[in-house]
Amino acid sequence: MNRPWLAQYPEGVPAEIPSTRPKSVVAMFEAAYKQYAERTAYECLGASLTYRQVDELSRHVAAWLQLRGLERGARVAVMMPNVL
């Protein structure tokens, strides 16, 4: 592919930008939990959860499901009100 605009780039500006996208949705969430642990992730009706709390609570739910016999890759439907 012809990319004539590259000739206009100042010295030191790369022609390609390396991808820093997470490898999966899980990896994206894990990175957010680590990077923003103390920040508010969700707020609703005066209640809030930090990224650390969301991580801990989601691990508790996962452990509970495993104790019920669900195996990795099992599908789970969640139906609940739209509140924390």
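Before reading further, recall that the structure is shown in the block above.
Residues numbered from 1 in each chain as written. Predicted model: local features only at pLDDT ≥ 70, side-chain atom pairs only at ≥ 80, totals over all residues. Heavy atoms only, no water.

A. Local environment of the overall build of the protein chain. Within the protein chain one finds two helices and two strands. In the protein chain, the order of α-helices and β-strands from amino to carboxyl end is α-β-β-α. Compactness check: the protein chain gives a C-alpha radius of gyration of 21 Å against a globular reference of 12 Å for 84 residues, more than 25% above the reference. Oriented by its inertia axes, the alpha-carbon framework of the protein chain measures out at about 60 × 35 × 20 Å. (Helix = DSSP H or I, 4+ residues; strand = E, 2+ residues; numbered from the N terminus. Rg over C-alpha atoms; globule rule 2.2 N^0.38 Å.)

B. A look at unusual backbone geometry. With a phi angle near 50 degrees, Leu-45 is a residue other than glycine that sits in the positive phi range. Tracing the sequence through the fold places Leu-45 in the loop between β1 (40–44) and β2 (47–50). On the accessibility criterion, Leu-45 (79% relative accessible area) is exposed. (Buried < 20%, exposed > 50% of the residue type's maximum accessible area, 1.4 Å probe, protein only.)

C. Inspection of the layout of surface pockets at higher detail. One number sums up the size of the largest pocket: a volume of about 1,300 Å³. Taken together, 26 residues line the largest pocket, and the ones lying closest to its centre are Leu-57, Ser-58, Arg-59, Val-61 and Ala-62. Elements represented by at least two residues in the lining of the largest pocket include exactly α1 (25–35) and α2 (51–67). For the lining of the largest pocket, the residue count by class is 17 nonpolar, four polar and five charged. (1 Å grid on protein atoms, 1.4 Å probe; cavity = no way out; pocket = protein on both sides within 12 Å on 5 of 7 lines; lining within 4 Å. Points joined across faces, edges and corners; volume = space filled by probe spheres on them. Nonpolar A, V, L, I, M, F, W, Y, C, P; charged D, E, K, R; others polar.)

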